[in-house]
Amino acid sequence: MSQTKVIPHNLIKWDQNDNSLAPLTECQKDCLTNLEIVVTSFFPLSNLQSSVIDGDEKLHEQNSQENTPPIERYQELLQHFLLLERKYVSMYDMKYNLYLEELKSRRSECQDVCSQIEETLDDFSALYKQYTEVSSKTTSLYEASEQLIFDQKQLNATIDGITEYVKYFKEIDVITEKLDASTLSVNSEMFFSILDKIDTNIDFMQNNSSYNESGTYLVRYKHCQSKAIALIQNYISNLFSKTTESILNLKDNENSSENTDAALALFYGRFQTILSKTRPVIRQIESKSYKRQEYDSLLLECHQYYWSQRGLVLGTSIQKSLNSIREKYNGDHCSLVRHSCALLLHASIDEHKLFYEFFSKQSSGLTAYLESLCTSLYDALRPFIIHINHLETLAEICCILRIEMLDEHVQNNFEPLEGFGNICLQLLHDVQERLVFRAHLYLQSDVLNYNPSSGDLAYPEKLKMMEEIAESIREANRQTRMKRISVSSTDSSVLEPVSRNHIVIDSIYQKTHMGSSPADLHAMWYPTVRRTLVCLSRLYRCVDRSVFQSLSQEAISLCVQSIENARQEIEKRASTLDAELFQIKHLLILREQIAPFQVDFTIKEYSLDFSKVKTAAFGLLEKSSRFFTLSNNALLQFLLEGAPQMKEQLIDSRKHVDAKLRLTCQRLIQHATYLLIYPIIKLLEKEKLLDASSIQENALGSPQEIATIVADVLRVIKFKCPEIQQSMQLYLANKETEFILFKPVKNNICAAFTQLHQVLNKYYNAENLLLIACPLPEHISVMLSSTTLIQGKSNRESQSVLKQSQSLAKQED
C-alpha cells in the first residue's frame, strides 16, 4: 500500500474504538466528553443545523476524499486541518457573521445619524445664540418698562402725598365757612366732624412745623378751635340758663308748701329733659379733654356753670325747707337735726346722680359743690347746738351725726356723700365740744358741788323701805299666782307637780339672781354716782377715746369725792357703820359699772417740781461772797441747779377707786372689830402700858371685872354681830362680798381672844381664870359661825319669798 493511502487509513484508525493506533485513556475520554459538553453548552445546535452540518460534513468528506491531494508530510496535515477547521468555523459562525454584518450596517447608519445630530446641534447652537440675544433684549425692555412703572407709581405717590399735605392747608377755608354758617347746629354730626378735623389739622401743623406757612395755618386753626369752643360754651350755658329760668319762674308763681315740694321734685325733671341735647356735646368734650387742655378747661367751665345754675335752683329751696323743718320741730333738737340732715343727705345723693347723668368724667369739684350746698345745714343747726345745755340732747345729737349719718350713710355711700360727711363731721365736732364743756360744768355743779337732800342721805331707812316694798310686791304676786293656780285647777292631784315646778324655778332664780338688792335692781343709787355713770355712758359713745379718758378720770375723781362727802354726812346723822357700808357699796358700784368701758383710765399729768429751788436758794445765800467771781459763780450755779423740773405723773382712775375702796374696807373692818370687842382691845392696850419687868397679880383689874368685861363682849358679839351682818346684807346684797368683809373681822376677834388668853395666863392663876371664864378662840370661832347661821336662817324665808315673786313676775312677763 502506498504511503499516501496509508496515512488516511491510519488517521481513520486513529481513534477507533477497537485497535486504535492512539488509544485514549479513560481520563482523556472524560476530558473530551466534558469538552464536548462545554462546547455544546456554548454553541447549541438545532437538529436541523446538525443535520445540515452532518450533510455538509459528508459532502466535504466526499469532496475531500475526491479532491484532497494525498498528505505526506506533517505540515500538510496541519494545513489540511487548518483548512478544515476554517471551513467548519465559517459554517458554524455564519449566523454570527450575518449578525455582524447587520451590526456593521447599523453602525454605519448610526454614524450617519450622529453626523446629522451634530449638524442639528450646530444649528441649535446658532439658534440658541440668536435666542439669547433676543431674550436679553426682551429682558432689558421689560426692566425698562418696570422701572418706568415704578417711577410712575412714585410720581403718583408723591402727587398723592402732596395732595394729602395740601389738603390740611386747603381745609381751613371750608372749616371757617362752615363755622360761620348760621344753620350750623352744635349738636350735630357735622359739627363733631369739624371738631375732629380741626384737631387733626392742628396736630399736623404742630408735627410739621418746618413746612412753609405751617405756623400761620396753625394760628388760623387755633382760631377756628376757639370759635368752636365758644359755640359749645354758649350752647351749653344757654340750655342750663333757660332750664334754670323756667324752674325759678315756676317757684315764683307757686307759694304754697305743697307746690314748693312739687317744684322741688321738678328741679331734677326739668334738667333731665335737656339730657338728649347736652349729653352728646358733653361726651365729645370729655373724650377730647384727655388729649387737649382747651377742652379740659372747657369741661371745667361747664362743670362750674352747671354747679352755679344748680346752686341758684337749690339754694333758696333748701334754705326754705330747712326753715320749715325748724318751725315744725321747734324745741325738738334731735328731730330737727335728724330731718335737716336727711334733707341734705337726699339732696346730695340726687345731685350726685344728676351730675353723672350729664357728665361721665369724675371731677374733684363735685365734692366742694356738694359741701357748699350742705353749708346751709351747718349754718342752720350750729346756732341751736351752741345753746343746748342738756347733756342727753347733746349726746343724742352726737349719736345721730356719728352713727346714723356718718357710719350708716356716709361710709356706705362715700362718694356722693363726702361733702355731706364733711359738714356732718364739723357739726359733730361742735356738738362734741359743747358736750365736753357742758359735761365739765355738769360734773362740777351736779357731782362735786351736789347738795344732797335729806332723802338722799336717808341710809339705811331708804334701803329698808325698798326691801319692804319689794317684799309686799312679792307677797302680792305670790298670792295672785296661787289664786290663778287654784282657779285653773279643780283636781288636787294637779297641785303637786305645779308646786314642784314652782320650787325648781325658785331655786334656779336664787342661783342666778342671788345678791341683788331692790335698790340695785332699780338703780336707786346715790345721785352723784348715778349721774356720773349716766354721763360716762353718754360720753363713751359720743366723744373720742382720748377726750373720754380725760373726762372719765375727772368724773370718777369727782364722784369719789362726792361719795366721801356723803359718807361724812351719813356718819353724822346715822352711824359710822352705815357710812362705811354706804361708801363701800357705791365704790363697788362705780368700779363695776366702769369696767365695761374699753378704754384706759390712765392719763398723764405734768407738774413743776420746785424742791430744788429752795435748796439752791439756801446755797446761794451761803455763797454770797462768790456773786461776782468769774470761776464757780454762785448766781450761775443757782440758775443751773435751781431751775424747776417738769415731772410726769400717771393717774389711773380705776386704781384710785380701788385704793379708796381698800381704805374704806380697812376702816369698816377696824370699826366693826371695835364695835364687837372694844373692851378687850382697850384691855390689851392697857397691858402694853404695864412694865414688863414687874408682873403684879390683878394688875389689869380684879377677876370679877375681867369676867364682866368678857361677858359683856360675848353678849355684844351675840347681839351686835347679826346686826352688822344684816347691815352688810342690806347694803351689799352679795354673799361673797359679805364673807370677804366679815372674815377679817372674825379673824381679828379670834386673834384678840388668843392674845387675851396669853395675857390672862400671865397675870392670873387657875382659880381666877375659872372665875373669869374667858372662852377659847375656837369657841369664839364656833360662836361667830353659829351666829352667822342663825342670821342666815332668819333671813332665808324673806329671801325665798322675794325670789319666788320675782321669778313668777318674770314668767308672767
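Read on for an overview of the structure. Just so it is clear, the model here is predicted, and its values are computed rather than measured.

Remarks on the overall build of the protein chain
Item 1. From N to C terminus, the protein chain includes 27 helices and two strands.
Item 2. The contacts of the protein chain with a sequence gap of at least 6 include a subset with a gap of at least 24, amounting to 79%.
Item 3. A total of about 48,900 Å² of accessible surface is found on the protein chain, and carbon and sulfur atoms cover 56% of it.

Comments concerning the environment of Ile681
Item 1. Relative to the assigned elements, Ile681 resides in helix H23 (residues 653-689).
Item 2. Note: C-alpha distance between Ile681 and Leu756 (75 residues apart in sequence) is 9.0 Å.
Item 3. Ignoring anything within four residues of it in the chain, the contact list for Ile681 reads Thr673 and Tyr674.

Things to note about the packing of aromatic side chains
Item 1. Using the criterion set out here, one finds 23 aromatic pairs in the structure.
Item 2. Through pairs of rings, three or more aromatic residues link up here, namely Phe240, Phe271, Tyr306, Trp307, Phe355, Tyr356, Phe358, Phe359 and Tyr369.
Item 3. It is Lys167 that lies over the ring of Tyr168; its NZ or CZ is 5.3 Å from the centre.
Item 4. In this structure, Lys361 is placed above the aromatic ring of Tyr290, and the distance from its NZ or CZ to the ring centre is 4.5 Å.

Here we look at the packing of helix H10 (residues 293-328) against helix H12 (residues 365-385)
Item 1. Here H10 crosses H12 at 20°, and the two axes come no closer than 11 Å. On the basis of their axis angle, the class for H10 and H12 is roughly parallel. In this structure, H10 crosses over H12, and the sense of that crossing is right-handed. Residues Trp307, Arg310, Gly311, Leu314, Ile318, Gln319, Leu322 and Arg326 of H10 pack against Gly365, Leu366, Tyr369, Leu373, Ser376, Leu377, Ala380 and Phe384 of H12.
Item 2. Broken down by class, the residue content of the contact of H10 with H12 amounts to 10 nonpolar, four polar and two charged.

Overview of the environment of Thr532
Item 1. Here Thr532 shows up in helix H18 (residues 527-542).
Item 2. Given the relative accessible area of 0%, Thr532 is considered buried.
Item 3. Excluding its chain neighbours within four sequence positions, the residues that come into contact with Thr532 are Val447, Ala555 and Cys559.

Some points on a nonpolar patch on the surface
Item 1. Nonpolar side chains collect at one region of the surface, where Val113, Ile117, Leu121, Phe124 and Leu127 lie side by side and expose about 480 Å² of accessible area between them.
Item 2. One can find Val113 in helix H5 (residues 94-180).

Overview of the state of the cysteines
Item 1. This model, assessed by the stated rule, comprises zero disulfides.
Item 2. Between Cys31, a cysteine without a disulfide, and Cys27, which holds the nearest cysteine sulfur, the sulfur-to-sulfur distance is 4.4 Å.
Item 3. No disulfide involves Cys334; its nearest neighbouring cysteine sulfur is the one of Cys399, lying 9.2 Å away.
Item 4. Judged by relative accessible area, Cys334 falls into the buried class, the value being 16%.

Cut-offs applied
Residues numbered from 1 in each chain as written. Predicted model: local features only at pLDDT ≥ 70, side-chain atom pairs only at ≥ 80, totals over all residues. Heavy atoms only, no water. Helix = DSSP H or I, 4+ residues; strand = E, 2+ residues; numbered from the N terminus. Contact = heavy atoms within 4.5 Å. Areas by Shrake-Rupley, 256 points an atom, 1.4 Å probe, with all protein chains shown as cover. Phe/Tyr/Trp six-rings, centres within 6.5 Å; stacked < 30°, edge-to-face > 60°. Lys NZ or Arg CZ within 6 Å of the ring centre and 35° of its normal. Axes fitted to C-alpha atoms, helices over the stretch in contact; angles between N-to-C directions. Parallel < 35°, antiparallel > 145°, perpendicular 65-115°, else oblique. Left-handed = near helix turned anticlockwise from the far one by under 90°. Nonpolar A, V, L, I, M, F, W, Y, C, P; charged D, E, K, R; others polar. Buried < 20%, exposed > 50% of the residue type's maximum accessible area, 1.4 Å probe, protein only. Patch = residues over 30% accessible without salt bridge, like charges linked within 9 Å, V, L, I, M, F, W, Y side chains within 5 Å. Salt bridge = Lys/Arg side-chain N within 4 Å of Asp/Glu carboxyl O. Disulfide = S-S within 2.5 Å.

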